[in-house]
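Chain by chain, the residues run as shown.
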Amino acid sequence: MTAFWVDPVNTDAQFLNMMGLALSAQNPGSIIRSNKRKAFEPPTEIQWENFSSLEILPQSISGSSTRFLFSGLYPYYWMRSIFRLKSEGFSSVLFSTHLKLPAIDTNALRFLQTLKIKPVVICHRPHPYVYENANRNYAKKYKGFYEAASRILVINQFVKNLLKEYFQIEDKKISIFAHPHFNNLLQKYQKDESLALKLQKWSNHQPVISYISNFSEEHGLSTLLNHLDLVKKKIPDVKFLIVTRISENIESSKQSLIESLQKFPFFQKDVFLHFDSYTYPQLLSFFDITSLVVTPYAWAAQSGVISMSLGLKKPVVSSNVGGLPKMISQGECGILIPPKNPQALATACATILNPNNYSGFCLGAEQFATERLSHKKAIDIFLESLES
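In this report, we go over the structure that sits alongside the text. Fair warning: this is a prediction, and the values are worked out from it, not measured in the lab.

1. A few points about the side chain of Lys-118
No. 1: Here Lys-118 is to be found in strand E5 (residues 118–123).
No. 2: Among the polar contacts made by the side chain of Lys-118, one reaches the main-chain carbonyl oxygen of Ser-385 at a distance of 2.6 Å.
No. 3: Each residue touching Lys-118, except ones within four places of it in the same chain, is listed here: Ser-91, Ser-92, Val-93, Ser-150, Ser-385, Leu-386, Glu-387 and Ser-388.

2. Considerations on helix H14 (residues 280–289)
No. 1: With eight of its 10 residues buried, H14 lies for the most part within the structure.
No. 2: Of the residues making up H14, those classed as buried are Tyr-280, Gln-282, Leu-283, Leu-284, Ser-285, Phe-286, Phe-287 and Ile-289.

3. Looking at the nonpolar core
No. 1: Counting 88 residues, the largest nonpolar core has Tyr-146 and Phe-382 as its most contacted members.
No. 2: The element that contributes the greatest number of residues to this core is helix H1 (residues 13–26), accounting for seven residues.

4. Notes on helix H7 (residues 157–167)
No. 1: Turning to H7, its buried residues are Val-159, Lys-160, Leu-162, Leu-163, Tyr-166 and Phe-167. Projected onto a plane normal to the axis of H7, the buried residues spread over an arc of 155 degrees and lie on a single side.
No. 2: Of the residues trailing H7, Gln-168 is marked for its positive phi of about 55 degrees.

5. Focus: the sheet that holds strand E11 (residues 292–295)
No. 1: Strands sit in the order E10-E9-E8-E11-E12-E13 across an open sheet of six strands; the sheet is parallel. Each having just a single partner strand, strand E10 (271–274) and strand E13 (334–337) make up the two edges of the open sheet. On average, adjacent strands in this sheet sit at an angle of 20 degrees to one another, irrespective of strand direction.
No. 2: The pairing of strand E8 (residues 208–214) with E11 spans two bridges and is classified as parallel. Within E11, the position partnered with Ser-210 by the bridge is Val-293.
No. 3: The strands touched by helix H16 (residues 342–353) within the sheet are E8, E11, strand E12 (316–319) and E13, with E13 carrying the most contacts at an inclination of about 170 degrees.

6. Section: the pattern of salt bridges
No. 1: Taken as a whole, this structure holds 11 salt bridges when the rule is applied.
No. 2: As a salt-bridge pair, Lys-143 and Glu-147 come within 3.1 Å of each other at their nearest N and O atoms. Here Lys-143 and its partner Glu-147 are both found in helix H6 (residues 143–148), four residues apart, which amounts to about one turn of the helix.
No. 3: Residue classification places Lys-143 among the partly exposed residues on the basis of a relative accessible area of 23%.
No. 4: A residue is classified by how much of its surface remains accessible, and Glu-147, at 42% relative accessible area, is partly exposed.
No. 5: Each of Lys-232, Lys-239, Lys-269 and Asp-270 takes part in one network of salt bridges that share partners.

7. A word on unusual backbone geometry
Excluding glycine, residues mostly have negative phi values, and the peptide bonds linking residues are mostly trans.
No. 1: In this structure, Gln-168 takes a positive phi of about 55 degrees despite not being glycine.
No. 2: Positionally, Gln-168 belongs in the loop between H7 and strand E7 (174–176).
No. 3: Positive phi, normally seen in glycine, also occurs at Asn-204, with a value near 55 degrees.
No. 4: Tracing the backbone shows Asn-204 in the loop between helix H9 (193–203) and E8.

8. Focus: the sheet that holds strand E6 (residues 151–154)
No. 1: Spatially, the five strands line up as an open sheet ordered E1-E4-E5-E6-E7, and their pairing is parallel. The two strands at the open ends of the sheet, each matched to only one other strand, are strand E1 (5–6) and E7.
No. 2: Bridge count for E1 against strand E4 (residues 92–95) is two bridges, and the pairing is parallel. From the neighbouring strand, Trp-5 faces E4, where its bridge partner is Leu-94.
No. 3: In the packing of helix H18 (residues 375–387) onto the sheet, contacts are made with E1, E4, E5, E6 and E7, and the angle to E5 comes to roughly 150 degrees.

9. Some details on the packing of helix H3 (residues 73–87) against helix H4 (residues 102–114)
Packed helices, taken two at a time, are described by the angle between their axes plus the distance between the axes.
No. 1: Packing of H3 against H4 brings their axes to within 11 Å, and their N-to-C directions diverge by 20 degrees. In terms of their interaxial angle, H3 and H4 are classed as roughly parallel. Here H3 runs over H4; the crossing is right-handed. Across the interface between the two elements, Tyr-74, Pro-75, Trp-78, Met-79, Ile-82, Phe-83 and Leu-85 from H3 touch Ile-104, Asp-105, Ala-108, Phe-111 and Leu-112 from H4.
No. 2: Of the residues that constitute the contact of H3 with H4, the class distribution is 11 nonpolar, no polar and one charged.

What counts, and where the lines are drawn
- Residues numbered from 1 in each chain as written.
- Predicted model: local features only at pLDDT ≥ 70, side-chain atom pairs only at ≥ 80, totals over all residues.
- Heavy atoms only, no water.
- Helix = DSSP H or I, 4+ residues; strand = E, 2+ residues; numbered from the N terminus.
- Polar contact = N/O pair within 3.5 Å; in protein donor to acceptor, adjacent residues only side chain to side chain.
- Contact = heavy atoms within 4.5 Å.
- Buried < 20%, exposed > 50% of the residue type's maximum accessible area, 1.4 Å probe, protein only.
- Core = buried A, V, L, I, M, F, W, Y, C linked by side-chain atoms within 4.5 Å.
- Arc of directions from axis to C-beta.
- Pairing = 2+ DSSP bridges.
- Axes fitted to C-alpha atoms, helices over the stretch in contact; angles between N-to-C directions.
- Salt bridge = Lys/Arg side-chain N within 4 Å of Asp/Glu carboxyl O.
- Parallel < 35°, antiparallel > 145°, perpendicular 65-115°, else oblique.
- Left-handed = near helix turned anticlockwise from the far one by under 90°.
- Nonpolar A, V, L, I, M, F, W, Y, C, P; charged D, E, K, R; others polar.

Written out as structure tokens, the structure reads:
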């Protein structure tokens, strides 16, 4: 069996890195290739079996859609890669894309079909603008792309329903795999000891609620930050770890966030802010002091943070929007709440952190991750789709 992974500018490098590692480990006879870009390259301490790279886009332009949108290089590199696929005798392609240029990706998939190379598309993180009523004309451009795929792999029933509703994709063409946890990737690292010591001193063995996600209204950060006092009222000794990436208006956004928090008398002592991207050792240090994770999203098809948290035995409080209810067993590994409901968020956090409940939720997180979020289940579905 020969597997092939292509990643033309999918922004979720953590997911791709984790799944590529799982593919390599579970199917050691395979050849795993990837678009070569800095965010995806395996760290030196990770040795993937038969890993090699395939440069679909030059690394210098792969990080920015606006830079390659007008460059004309995207179709050139696509064609070069397709002919390399053909010359090396691959019969199937496991393909992931951010769909910045859907027309070119569509034509590439169709050309693969004519060459008898089966394209299996992973649709694990669709963006909401594709499905909003105001943008249905834009979403129609994606229909041909999904039709050109031999099979489509989706993260949950919610995403499957989106594809069926908006693009009229046949049910039999779509397979569901649960988003695996990240333990296979994270176990390759050691936590950042300097950061870990700093966080341990700050947390002082008190419960810590962590938000680890993007700086965006879609991810519900304001629902948490504007109402920390409600949580604090229910859990007086709680602390808050905010790890968020700001991609636009960085300095002004940082200042605005800090100013919004300064109204709380406990801000200086009980809130820890990390405004930048993070390494895996830093991530392990964050989770080392985390008691529970919150994902108060307004919309999401899935959340890698939820899978990662449950794999690390951390309970989750999450909004019951999009595909998130499929990622949590209510009352066992976490609690689902209505979106934009700070009172419900505070109550759920207090319920989980109650000493009479907490160990049970942690055990539930571990069991859910083991039984529902295993890499083997996901990779079995991947390989079946490539082989069928």
